[in-house]
Amino acid sequence: MSAFEKPQIITHIQKGLNYTVFDCKWVPCSAKFVTMGNFARGTGVIQLYEIQHGDVKLLREIEKAKPIKCGTFGATSLQQRYLATGDFAGNLHIWNLEAPETPVYSVKGHKEIINTIDGVGGLGIGEGAPEIVTGSRDGTVKVWDPRQKDDPVANMEPVQGENKRDCWTVAFGNAYNQEERVVCAGYDNGDIKLFDLRNMSLRWETNIKNGVCSLEFDRKDISMNKLVATSLEGKFHVFDMRTQHPTKGFASVSEKGTTPPICQLSYCGGCMLL
């Protein structure tokens, strides 16, 4: 690509929806995907689609009482492929999409909306226990083990007297053995915080001056290598996580991307269709 050519996005399939979509995820190892959002009447919706003959076919529509903001398959096995979701009421639910009437796991996770969710330890990705991390408008980041009812296994919240910032994005990483695991969280004021779950400590923090829309490690199941953060005003920040300076933190570069905010980073999942 020459310096004068612009990247192109080619539309493969297009479909109009009658609700607001907040998240979309490929169903692992299939040609199916789920969309999550809310109807204008204030209820939540999960739709399951399958790609068939160059078009998408709606397989199932599931309506729930509260709008659904985010979802992940990251903590489930390839055999079960359960979907974990966070909703506007602060509830964390895990759904069997084959029998979605009642969640297989349910907990009141936060006092306010769950903005973001991520999973690790499932799908053969990452060592250690299957866990889910949620970030909320109430300023807290919590880690959940679906095998443990009601209480989170880790709770990262501001100390008493400190302002509670809206957590917009979370990501697991460094899960290359049974002991190591980190959670990275991004906030509306530009803060990025890296939590070490092995030592239950704040390992590193920085500020990128604009609200953090998305965080993603290059791979969850290797020793930390690269972390990409995107922010309002369309800016990319790439951090080299291999070496941490005692005072300057991790080396990084930044690049102005597009004018609109980059709301989410995600692999397309095309390799799953083979």
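Residues numbered from 1 in each chain as written. Predicted model: local features only at pLDDT ≥ 70, side-chain atom pairs only at ≥ 80, totals over all residues. Heavy atoms only, no water.

- In the nomenclature of an unreviewed UniProt entry, the protein is known as Protein phosphatase 3 regulatory subunit B, alpha of Equus caballus.

Some details on the confidence of the model for the protein
So, step 1. Residues at a pLDDT of 70 or more form 92% of the protein, whose mean pLDDT is 91.
So, step 2. Note that residues 266-274 has pLDDT below 50 and, in this model, 15 contacts with residues that lie over four places away or in other chains. (pLDDT = per-residue confidence, 0-100. Contact = heavy atoms within 4.5 Å.)

Let's talk about the pattern of salt bridges
So, step 1. On inspection of all chains with the given rule, the structure shows 11 salt bridges.
So, step 2. K220 serves as the salt-bridge partner of D118, at 2.8 Å between the closest nitrogen and oxygen. On the criterion of sequence distance, the pair formed by D118 in strand β9 (residues 114-120) and K220 in the loop between β17 (212-217) and β18 (226-231) is long-range, its members being 102 residues apart.
So, step 3. Using a relative accessible area of 23% as the deciding quantity, one classes K220 as partly exposed.
So, step 4. Close ionic contact of R137 with D166 constitutes a salt bridge, the shortest N to O distance being 4.0 Å. (Salt bridge = Lys/Arg side-chain N within 4 Å of Asp/Glu carboxyl O. Helix = DSSP H or I, 4+ residues; strand = E, 2+ residues; numbered from the N terminus. Buried < 20%, exposed > 50% of the residue type's maximum accessible area, 1.4 Å probe, protein only.)

Here's the deal with the packing of aromatic side chains
So, step 1. For the coordinates displayed, the defined rule picks out 6 aromatic pairs.
So, step 2. Seen in terms of ring centroids, F33 and Y49 are 5.4 Å apart; in terms of plane orientation they differ by 15 degrees. Their pairing is stacked. Placement of F33 in strand β2 (residues 32-38) and of Y49 in strand β3 (residues 44-52) is noted, with a sequence separation of 16 residues between them.
So, step 3. Under the relative-accessibility criterion, F33 is labelled buried at 14%. (Phe/Tyr/Trp six-rings, centres within 6.5 Å; stacked < 30°, edge-to-face > 60°.)

Here's the deal with the sheet that holds β9
So, step 1. The 4 strands are arranged β9-β10-β11-β12 in an open sheet whose pairing can be described as antiparallel. The outermost strands of the open sheet, each flanked by one partner alone, are β9 and β12 (154-156). Going across the sheet, the axis of each strand differs from the next one's by a mean of 15 degrees, ignoring polarity.
So, step 2. Bridging between β9 and strand β10 (residues 131-136) involves 6 bridges; their strand directions are antiparallel. Residue pairing in the sheet places D118 in a bridge with V133 of β10. (Pairing = 2+ DSSP bridges. Axes fitted to C-alpha atoms, helices over the stretch in contact; angles between N-to-C directions.)

Some thoughts on the layout of surface pockets
Rolled over the atoms, a probe sized like a water molecule indicates the empty space that remains.
So, step 1. One number sums up the size of the second largest pocket: a volume of about 330 Å³.
So, step 2. Listing elements by their share of the lining of the second largest pocket, those giving two or more residues are β12, β15 (191-196) and β16 (201-207).
So, step 3. By residue number, the principal contributor to the lining of the second largest pocket is β15, which donates 4 residues.
So, step 4. Its residues assigned to classes, the lining of the second largest pocket shows 8 nonpolar, 4 polar and 7 charged. (1 Å grid on protein atoms, 1.4 Å probe; cavity = no way out; pocket = protein on both sides within 12 Å on 5 of 7 lines; lining within 4 Å. Points joined across faces, edges and corners; volume = space filled by probe spheres on them. Nonpolar A, V, L, I, M, F, W, Y, C, P; charged D, E, K, R; others polar.)

A few points about the side chain of N91
So, step 1. As for its position among the elements, N91 is in strand β7 (residues 91-95).
So, step 2. The class for N91 is buried, based on a relative accessible area of 17%.
So, step 3. Residues contacting N91, with those up to four places away along its chain left out, are T85, G86, V107, K108, G109 and I114.

A few points about the environment of R137
So, step 1. Here R137 is to be found in the loop between β10 and β11 (141-144).
So, step 2. Placed 11 residues apart in sequence, R137 and G126 show a C-alpha to C-alpha distance of 28 Å.
So, step 3. Discounting chain neighbours no more than four positions away, the residues touching R137 are E112, I113, N115, R165 and D166.

Concerning the sheet that holds strand β14 (residues 182-187)
So, step 1. Pairing in this open sheet of 4 strands is antiparallel, and the strands run β13-β14-β15-β16 from one edge to the other. The outermost strands of the open sheet, each flanked by one partner alone, are β13 (167-173) and β16. Each neighbouring strand pair of the sheet contributes to a mean axis angle of 15 degrees, computed without reference to strand direction.
So, step 2. Both β14 and β15 contribute to a ladder of 5 bridges, which runs antiparallel. Residue V183 lies in a different strand from β15, and its bridge partner there is F195.

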